[in-house]
Amino acid sequence: MKKQTIHSIQELKQLDEPITVLTAYDASFSKLISESGIEIILVGDSLGMVMQGNQSTVPVSMTNMIYHTKCVAQSNNGSLLIADLPYMAYATVEQTLSNSAMLMQAGANMVKLEGGDWTCPAIEKLTERGIPVCAHLGLTPQSVDALGGYKVQGRDSEAAAQILRDARALENAGASLLVLECVPSDLAEKITKQLTIPTIGIGAGNKTSGQVLVLQDMLGMNPDFKPKFVKNFFDSEKVTSISAAILKYISEVKSRSFPDKEHSFE
Ligand code: KIV
């Protein structure tokens, strides 16, 4: 597969071609996903729940992230690899730089961090030092306790305006991509139109520049975990393998048939 770069990903936004993203935490899924043609693999700190069985992403450490990033990088065949900076790994600019350097040395092409304009000094420094950054707004799971649970964000006009202001600030600071998690579709569309950088949605409607899901969620591996924005792509008679489910996801994201209204928030 063609090696994806931040430039090829940004070009997809210009071409109005939806960008496909899935998480992976290990070498076998990394190989399968990248060889299926997924443009971006995210080594998300969601591994704290999916791989470790925790109730949130808060317990995930840098040691965990480095280990899983190395596993995924070993067999990645062309996808752009983003690795999450875990909880408190970017509390200061100095910490952000040294922890990001470790993720890049483990094989990441870009680091992701959660939060609004308070993250701008760190994003500026990373960008200046040649480390591409993916920002993350809306529902930011590392702040689940401050947010009071896993809830849709930006529903009232004041909160929506704040997310829009943050999105502009993050782009101006140098972020190359922006994840929008659990925000109303109209807000995600507005942000996507106002920014030059691509937006990647999860529970953010089908007008973002791309979509991300947690692999194990879209394979229906946890029947007890069914948030509105997750679709099981492995539940029809025609889909008889994990590869086929991934190809179905790619096809539905590319045609913007996923996410539909049933998997989005008003
Ligand atoms: O950790 C993760 O997997 C994420 C995505 C759900 C966006 O941040």
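Here, every reference points to the structure presented above.
What you see is a predicted model, and the numbers here were worked out from it, not measured in a lab.

Check the secondary structure of the protein chain and you find 11 helices and 8 strands. The C-alpha radius of gyration computed for the protein chain amounts to 17 Å, which stays within 12% of the reference 18 Å derived for 266 residues, consistent with globular compactness. If you sum the accessible surface of the protein chain, you get close to 11,500 Å²; carbon and sulfur atoms cover 52% of it. Here the protein chain carries 23 positive and 29 negative side-chain charges, and the mean point of each set is 3 Å from the other.

Tallied over the entire structure, the rule returns 10 salt bridges. A salt bridge links K254 to E17; the shortest N-O distance between them is 2.8 Å. Highlighted residues: K254 in helix α11 (residues 242-254) and E17 in the loop between α1 (6-14) and β1 (19-23), separated in sequence by 237 residues. On the accessibility criterion, K254 (26% relative accessible area) is partly exposed. The partner of E189 in a salt bridge is K193, and the shortest N-O contact between them spans 3.0 Å. Remark: K193 and E189 occur in helix α9 (residues 185-194); sequence separation between them is 4 residues, near one turn of the helix. For K193, a relative accessible area of 64% gives the class exposed. Overlapping salt bridges, with partners in common, bring together E17, E39 and K254 in one network.

Next up on the list: unusual backbone geometry. Look at the link from F258 to P259: it is a cis peptide, with omega at -5°. In this structure, P259 sits in the segment after α11. Positive phi values are uncommon outside glycine, yet M88 reaches one of about 65°. Note on placement: M88 falls in the loop between β3 (80-84) and α5 (93-105). Phi angles above zero are rare outside glycine, and R256 is one such case at about 60°.

Looking now at the nonpolar core. L22, L103, L178, I191, L213 and Y249 are the most contacted members of the largest nonpolar core, which totals 81 residues. If you tally residues by element for this core, the top one is helix α8 (residues 157-173), at 6 residues. Residues in contact with I191, not counting those within four places in the same chain, are I163, L164, A167, L178, L180 and T199.

What follows is about the packing of aromatic side chains. According to the stated counting rule, one finds 4 aromatic pairs in the structure shown. Ring centres 5.4 Å apart and planes at 80° place the aromatic pair F233 and Y249 in the edge-to-face group. Here Y249 lies in helix α11 and F233 lies in the loop between α10 (215-218) and α11, a separation of 16 residues in the sequence. Geometrically, the ring pair formed by F233 and F258 is edge-to-face, given 5.2 Å between the ring centres and 80° between the ring planes. With F233 in the loop between α10 and α11 and F258 in the segment after α11, this residue pair connects regions lying 25 residues apart in the sequence. Look at F258 and you get buried, because its relative accessible area is 3%.

Conventions used here
- Residues numbered from 1 in each chain as written.
- Predicted model: local features only at pLDDT ≥ 70, side-chain atom pairs only at ≥ 80, totals over all residues.
- Heavy atoms only, no water.
- Helix = DSSP H or I, 4+ residues; strand = E, 2+ residues; numbered from the N terminus.
- Rg over C-alpha atoms; globule rule 2.2 N^0.38 Å.
- Areas by Shrake-Rupley, 256 points an atom, 1.4 Å probe, with all protein chains shown as cover.
- Lys, Arg positive; Asp, Glu negative; His and termini not counted.
- Charge placed at Lys NZ, Arg CZ, Asp CG, Glu CD.
- Salt bridge = Lys/Arg side-chain N within 4 Å of Asp/Glu carboxyl O.
- Buried < 20%, exposed > 50% of the residue type's maximum accessible area, 1.4 Å probe, protein only.
- Core = buried A, V, L, I, M, F, W, Y, C linked by side-chain atoms within 4.5 Å.
- Contact = heavy atoms within 4.5 Å.
- Phe/Tyr/Trp six-rings, centres within 6.5 Å; stacked < 30°, edge-to-face > 60°.

Bear in mind that shape data such as this cannot, by itself, settle questions of function.
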